[in-house]
Each structure stands twice: as structure tokens, then as C-alpha cells.
Amino acid sequence: MEGKVRAPLRAPAAPIARRAALGPDEAQTARRRWLPLVGMEGTFAPGREAPSAFSTRRYPDSELLEWVIVGGGIQGTYFSHLLIRRFGLSHRSIRVIDPYDEPLHRWKRFADNVGMTMLRSPAVHHLDLASLSLKRFAPSARLRQSADVRGERVLSFLAPYGRPSLQLFNRHAEEVIQRNGLGGIRIRGLACGLRLIDGGFEVCYVSDAAPETTLASRRIILAIGMSDQPCWPQWALSLRAAGAPVFHILDPDFSRRRMGDFREAIVYGGGLSAAQVALALAKQRPGRVTLATRHDFRVHLFDSEPSWQGQNFMRSFAHEPDPSKRREIITRERHRGSLTPEAREELDAAVAGGIVRLVRIEEEPSPELGAQGELSFAVGGSRIRCDLMILATGYERKRPGGEWLDRAIGELGLPCAPCGFPIPDPSLQWRPGLYVSGPLAELELGPVARNIAGAHRAGARLEYHLLEKARG
Ligand SMILES: Cc1cc2nc3c(=O)[nH]c(=O)nc-3n(C[C@H](O)[C@H](O)[C@H](O)COP(=O)(O)OP(=O)(O)OC[C@H]3O[C@@H](n4cnc5c(N)ncnc54)[C@H](O)[C@@H]3O)c2cc1C
């Protein structure tokens, strides 16, 4: 099967040594890619594994894959691209396990649910390996035409930082995936176990086709993101259990397109997604949407300061040895629940025009469910009623992965900080051969770890580490 591979790991070309010979585009890419290596100094002491950490199965060398990536969203897809194109691995030697056939399924679903049209991140953050690839991407005539017809900012970049439109970003991502054959290395499934074997790991996964299957690989990357844990306040969970029309905009099973009609909607949240979904619903029913927020709007262009993309902030972060202090820095520096100046402007205009109603609530709401399935809750002296409530309350703050990862942590003795998140080494290994990315790499990569920039930063660490290893 797919595991019959032994493509040797080829060291990536040495970018620093080669820099003199690079053209201006390549030089810029190299500069950006190697910036995040600050913090590679450091040591690592993994815990002790339990006897149950070992698989009882034996895998011949010929069945060992080189890499298995768990999670095929933005980050996992980027890593598969990097491994194939930069590290020279064969397609046969890599597999990406993800519950969806289509790469970036959740990214696309959430973006559509909230109704976003422009990305928050700059044009250099994308799935290709050259910085300017998205800037230079020429969409097909058909797409350009459809963009003209809709008359929206469909294929544009927004200043400052050239933030791309969602359509452009997605078309470019699709082109990168197709050009590099990244769809063909995916396995549809949900990872549910991780064990040690001679020379690597055994990953168990479940799928519709088979109850439990295993793959053996020399190395694993965990790229599972946060998307399995939308944050549901307790009162909303109770309402949902009672059959109330309450949904979370970041629930993987929720689709705004399939939601049906509503008479009055309340959006609960105060960040970018809340503003965007309120505006999107108001297009459907102007004047019938209320945005209920518990805090004043926090306006920030990005979800962390751009200085986190550079050396200085990362250097001081890397010099902080205490993981609890690193967590404090991340919490302080991530602009959780913030929105962009453009979204604020658009929302203000909608409120001024009576298209969206804005209410500020001081305490957690305690809505009541009426006999006809409608919801109502008190705000000040009056009551707001609705037949649709959408939560835009982000993700839970806990470590993602759930039960199977908890088990692996216990059995493999994987070190975690008091906040529950991994303490990987500077090369992002949680134990030799087991790599983390996204939120799982946050304590090493800082506040941008969850974003596309975090994937680039993780990729650079991986590359540096493997290059150093290959050099001996
Ligand atoms: C509305 C919205 C807008 C955003 N805009 C931006 C932006 O403009 N710029 C930016 O940089 N970031 C943005 N972000 C952050 C964004 O989520 C990340 O950049 C990106 O989606 C993270 O990619 P990921 O691969 O870590 O997570 P995801 O895209 O969520 O992918 C993770 C994948 O792992 C899979 N998975 C989970 N558990 C398992 C398992 N056990 N086995 C197999 N597969 C598993 C999931 O099903 C999913 O397919 C935005 C987020 C949201 C919600």
C-alpha cells in the first residue's frame, strides 16, 4: 500500500550560504523565511513513556512512511507542500490524514459562514513557497469575469500590507494544491491514537470506510488546528440541549448557507467574526439583526502586532524560559475578540443606517426559550426576541486534540506546560520525530503560531533543523 517507500530525506538547499547568488525575489523570500529562526537555541528533555506507549505490531522498513501529517487544513497542506517541493520527498512517502477529501475544507467553511471577503493577513502569507507567489498569481479569465460581474473586491488586495481577497487566496491555494499534487496524498480519516514502534510511530485513524486502520511513519507532524473546539458558553449549551435555534459560527457542522430563513437574529460576540456575520445576515434581512456584545470594540489591524513577525519580539520571547510566562505573553499579545478598522467602519455605517442594531450587555445573557421556539433575553429595561441566535465566541482556550491526544501524552510522557499545551524543543519536536504546529506549537512560536504566518515559521524551523541534521 501507500507505505512502500523509502525515499531518503534529502537535505534542503542551504539558503543562507546561497543567498549571494539569489535573484531579488528569491532573496526576499529567503529573508522572510529565515527570520523566524530566532529561538532555535535550547535543550529538550522528554518524559518517560509508559509500556502501553509501544505498539505490539511490527512494521517492516518497507512499510514505513517518511512523514505522516495529522490534519490537512492550511497548516498541514503547507507542510506537505514544503516536504515535497523543498525537501524533495516523494509523494509516496508522505500521507496527510484529515476527515475531509478536500484540502482546506474547514477554512473554506468557516470563511463562508462568517461571510468574510478579505483575509486579515498580508499577501505574503499563503500556501506557496515563494513570498510573492500570491501577488503574482494571475487568475483565470473566467474568474476575472465572474469577479467583474459581481462588482465586489473579489480579486483584489487591500492596503496596508496587501491583504488578499478570500477568493484570490482560495484560488491561489487551489492552484498550488493542484500543481503539486497535494490532493493525492490525503487519507480521509480522523486520527485516534499514537504509539511508538521501532524507528517511528504508529498512527491509528478511523474513517467511514474502515473502523480503525494504522499507518507507520518515521515522523509525524500534528497540524490539527483549533477548529474542533468552538467556545460554547454554558447558557448556550443548555439552550441548545433544549432545542433552541442556537448555533456557533465556528461549528464544523454548521453551514450558514443551509440555515434557512429567519425573522429576527441575534449575533452574540464582539470580534471580527461577530461583526462579519452580523453584516452578512443583515444583507439577508436588513434591520432584523442585532449584534449583542459584552465589550467595547477593540480595533486592531491584525490579531497580534506586526512586530511579532520580526526578530526583536521573538528574541525576547525565546529568551523567556518559563512556559507559564510565555503563555502570559501570548495571552497579552493576541488581540482576542478584536476587529479590523474596515470591519468597524462597515459596522458603524450599518448601525447608523438602521441595518444592524447594536446592544452592549454587561453580563452573560440568560435567554429564555418560548413555547414557539423563540428566544428572548433582557437588555437594560427591555427584552430582545429572536428566532435565530448565532454565537461568534471563538474557540475554547484549552489544548486541542481531545481524548486521543490526552492518552498519547500520558503514554508517551510528552511534556506539557501548566496551561496544558505542549513544550516542544526549538525544532518543534515534542519527542524525537513527533513535531507540532499551529496552537500546539504556540509556546515555541509565539502569538502568530495559529495563523498562516505560524505555518511558515514552523516550516522554517523544520527546514533549519533537518538541514543541520543532514550537515551533521
Ligand atoms: C473566520 C476565520 C478567519 C481567519 N482569517 C485568517 C487570516 O486572514 N489569516 C490568518 O493567517 N489566519 C486566519 N485565521 C486563522 C486560521 O484559522 C488559520 O490561519 C488556519 O485556518 C489554521 O490552519 P490549521 O491548519 O491550523 O487549522 P484548520 O484549517 O482548522 O485545519 C485543521 C485540520 O485538522 C483536522 N483535524 C483535527 N483533528 C484531527 C484528527 N484527529 N485527525 C485528522 N485530522 C484532524 C481538522 O478537521 C482540520 O481539517 C482565521 C480563522 C477564522 C476562523
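Here, every reference points to the structure presented above.
The rules behind these values
Residues numbered from 1 in each chain as written. Predicted model: local features only at pLDDT ≥ 70, side-chain atom pairs only at ≥ 80, totals over all residues. Heavy atoms only, no water. Helix = DSSP H or I, 4+ residues; strand = E, 2+ residues; numbered from the N terminus. Buried < 20%, exposed > 50% of the residue type's maximum accessible area, 1.4 Å probe, protein only. Contact = heavy atoms within 4.5 Å. Areas by Shrake-Rupley, 256 points an atom, 1.4 Å probe, with all protein chains shown as cover. Near = heavy atom within 4 Å. Polar contact = N/O pair within 3.5 Å; in protein donor to acceptor, adjacent residues only side chain to side chain. Domains from an automatic or database assignment. Axes fitted to C-alpha atoms, helices over the stretch in contact; angles between N-to-C directions. Parallel < 35°, antiparallel > 145°, perpendicular 65-115°, else oblique. Left-handed = near helix turned anticlockwise from the far one by under 90°. Nonpolar A, V, L, I, M, F, W, Y, C, P; charged D, E, K, R; others polar. Core = buried A, V, L, I, M, F, W, Y, C linked by side-chain atoms within 4.5 Å. Pairing = 2+ DSSP bridges. Salt bridge = Lys/Arg side-chain N within 4 Å of Asp/Glu carboxyl O. Phe/Tyr/Trp six-rings, centres within 6.5 Å; stacked < 30°, edge-to-face > 60°. Lys NZ or Arg CZ within 6 Å of the ring centre and 35° of its normal.

Q: Would you explain the overall build of the protein chain in this entry?
A: Of the regular secondary structure elements, the protein chain holds 15 helices and 20 strands. Looking at the 472 residues of the protein chain, the share that counts as buried comes to 55%. Within the protein chain, contacts between residues separated by at least 24 positions form 74% of all contacts whose residues are at least 6 apart in sequence. When the accessible surface of the protein chain is split by element, carbon and sulfur atoms take 51% of a total near 21,000 Å².

Q: Can you help me understand the site of the ligand in this one?
A: As a structural note, the neighbourhood of the ligand is formed by 30 residues, with D98, R120, S121, A191 and I452 the closest of them. The contact in question runs from an oxygen atom of the ligand to an N or O atom on the backbone of R120, over 2.8 Å. If you list the elements that add at least two residues to the shell around the ligand, you get α3 (74-86), β2 (94-98), α4 (105-114) and β6 (190-197). Of the residues forming the shell around the ligand, the biggest block, 3 residues, is contributed by α4. A domain split of the shell around the ligand shows at least three residues from each of domain 1 (15-103 + 182-226 + 397-471) and domain 2 (109-164).

Q: Help me understand the packing of helix α9 (residues 272-284) against helix α12 (residues 341-352), please; the structure alone is not making it clear to me.
A: Contact geometry of α9 with α12 gives a least axis separation of 10 Å together with a crossing angle of 40 degrees. Classified by the angle their axes make, α9 and α12 are oblique. Two packed elements cross with a definite hand, and for α9 against α12 that hand is left-handed. For the pair α9 and α12, contact is made by L272, A275 and L279 and by A343, E346, L347 and A350, respectively. Of the residues in the contact of α9 with α12, the class split is 6 nonpolar, no polar and 1 charged.

Q: Honestly, the nonpolar core in this entry has me stumped. Any pointers?
A: The nonpolar side chains of soluble globular proteins are, as a tendency, buried together. W67, V70, L194, I220, L222 and L281 are the most contacted members of the largest nonpolar core, which has 94 residues in total. Broken down by element, this core gets its largest block of residues, 8 residues, from α9. When near neighbours in sequence (up to four residues on either side) are disregarded, L194 contacts F201, E202, V203, I220, W404, A408, E411, L412 and L434. Counting 18 residues, the second largest nonpolar core, distinct from the first, contains A236, I266, I384 and C386.

Q: Honestly, the environment of P306 in this entry has me stumped. Any pointers?
A: Take P306: it is sitting in the loop between β12 (298-299) and α10 (311-318). Put simply, P306 and V448 are 142 residues apart on the chain and 9.5 Å apart in space, counted from C-alpha to C-alpha.

Q: Could you clarify how one ought to interpret the environment of A378 in this entry?
A: As for its placement among the helices and strands, A378 is situated in strand β16 (residues 375-379). The sequence separation of A378 and E368 amounts to 10 residues, and the corresponding C-alpha distance is 9.3 Å.

Q: Can you help me understand the sheet that holds strand β15 (residues 368-369) in this one?
A: Adjacent strands of a sheet pair through backbone hydrogen bonds, lying either parallel or antiparallel. Here we have 3 strands laid out as an open sheet, ordered β15-β16-β17, and antiparallel in their pairing. Two strands lie at the open edges of the sheet, namely β15 and β17 (382-386), each paired on one side alone. Two strands pair when backbone bridges link them, and β15 and β16 are joined in this way by 2 bridges, in the antiparallel orientation. Counted as the bridge partner of E368 is S376 from β16.

Q: So what exactly am I meant to see when it comes to the pattern of salt bridges here?
A: If the charged atoms of two oppositely charged side chains come close together, the side chains can form a pair. Using the criterion set out here, one finds 32 salt bridges in the structure. The salt bridge partner of R179 is D128, with a shortest N-O separation of 3.0 Å. With a gap of 51 residues between them, R179 in helix α7 (residues 166-179) and D128 in the loop between α4 and α5 (133-136) connect regions that are remote in the sequence. Overall, D128 belongs to the buried group, its relative accessible area being 9%. We note a salt bridge from R188 to D208, for which the minimum N-O separation is 3.7 Å.

Q: Just to check I follow, could you spell out the pairing of β6 for this structure?
A: Sheet faces and side chains relate simply in a regular strand, where the side chains alternate between the two faces. Across the 8 residues that make up β6, a large majority, 6, are buried. As paired elements, β6 and strand β7 (residues 200-206) share 7 bridges and run antiparallel to each other. Residue pairing for β7: R195 is matched across the bridge by E202. Hairpin connection between β6 and β7: a loop of 2 residues separates the two successive antiparallel strands, and G199 in this loop has a positive phi of roughly 80 degrees.

Q: How should I be thinking about the packing of aromatic side chains in this particular structure?
A: The description of two aromatic rings rests on the distance between their centres and on the angle between their planes. Following the criterion strictly, the structure yields 8 aromatic pairs and no others. Measuring from centroid to centroid gives 6.0 Å for Y78 and F79, while their planes differ by 65 degrees, and the two rings are edge-to-face. Under the relative-accessibility criterion, Y78 is labelled buried at 1%. Residue classification places F79 among the buried residues on the basis of a relative accessible area of 2%. Seen in terms of ring centroids, Y161 and F302 are 4.9 Å apart; in terms of plane orientation they differ by 65 degrees. Their pairing is edge-to-face. Taken together, the residues Y161 in the loop between β3 (157-158) and β4 (163-164) and F302 in the loop between β12 and α10 connect sequence positions 141 residues apart. In this structure F302 comes out as buried when scored by relative accessible area, which is 12%. Taken together through their ring pairs, the aromatic side chains of W308, F313 and F317 make up a single cluster. Sitting over the ring of F157, K135 keeps its end group 4.3 Å from the ring centre. The cationic tip of R327 hangs over the ring face of F421; the distance from NZ or CZ to the ring centre is 4.5 Å.

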